[in-house]
Amino acid sequence: AAGAIKELALILIDANKPLDAEPLARESLSIRTKLYPAGSWLIATSRSAVGQSLLGQKNYAEACPKLEEVTKLIPEGIGAKLTLAECYESWGKLASATAVYGIVESLATRLNQADRVELARDRAAALKPKLAHLTIRVPAAVKSLPGLRVTRNGSEVAARSTRTATPRFLAV
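Residues numbered from 1 in each chain as written. Predicted model: local features only at pLDDT ≥ 70, side-chain atom pairs only at ≥ 80, totals over all residues. Heavy atoms only, no water.

Here's the deal with the confidence of the model for the protein
Low pLDDT means the predicted atomic positions in that stretch should not be read closely.
(1) Moving on: Summing up the model confidence of the protein, the mean pLDDT is 90 and the portion of residues at 70 or higher is 92%.
(2) Moving on: Averaged pLDDT values for the elements of the protein fall to 56 in strand 4 (residues 166-167) and rise to 97 in helix 2 (residues 18-35). (pLDDT = per-residue confidence, 0-100. Helix = DSSP H or I, 4+ residues; strand = E, 2+ residues; numbered from the N terminus.)

This is how it looks when you write it as structure tokens:
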């Protein structure tokens, strides 16, 4: 039953009726969460349907985290990663979208999915000119201080990165 409900939700999403799809997708997720173990592929596909319905409603703040969860549950899921990248892109998180498109390109190359390689490469290339970059310049006198650590958003920045402009992005 949960599978049929999820499939109906996906049909409604494809028919551009994400608002109608959301309650069905959530019901499918609720049923599967009660029946299957936490990391189940079946739960991930229902969670993806919820994320897609939210994405279709332009509710990016809720859709993207749902889709992030799906990509963690299905690490080889290229479609889930593409949907997450589209969510980030629509939300204006262009560096995060670019990073995920890069992951998709790499994964699709490894799996010989040329159409997805091209799609991911093209989407990332279109976003690159729009990215904000951050350059961290550390003076030589400061670099030589013992125990110096440079961090950005709580993550340590490698010494080589302190000389290069890098896009700002969320970890995926």
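From this point, the narrative continues.
A short note on the pattern of salt bridges
Side-chain pairing between opposite charges can occur once the charged atoms of the two side chains come close.
(1) Moving on: In the structure shown here, the tally under the stated rule is 8 salt bridges.
(2) Moving on: E22 is paired through a salt bridge with R26; the nearest N and O atoms lie 2.8 Å apart. Separated by 4 residues within a single helix, E22 and R26 lie in helix 2, roughly one turn from each other.
(3) Moving on: Residues E62 and R26 are paired through a salt bridge, measuring 2.5 Å at the closest nitrogen-oxygen approach. Of this pair, E62 sits in helix 4 (residues 60-73) while R26 sits in helix 2, and the two are 36 residues apart along the sequence.
(4) Moving on: Relative accessible area serves as the criterion here: at 30%, R26 is assigned to the partly exposed category. (Salt bridge = Lys/Arg side-chain N within 4 Å of Asp/Glu carboxyl O. Buried < 20%, exposed > 50% of the residue type's maximum accessible area, 1.4 Å probe, protein only.)

Looking at a nonpolar patch on the surface
(1) Moving on: Residues V142, L145 and L148 make up a contiguous nonpolar surface patch of roughly 220 Å² in combined accessible area.
(2) Moving on: For V142, the position within the fold is in helix 8 (residues 140-143). (Patch = residues over 30% accessible without salt bridge, like charges linked within 9 Å, V, L, I, M, F, W, Y side chains within 5 Å. Areas by Shrake-Rupley, 256 points an atom, 1.4 Å probe, with all protein chains shown as cover.)

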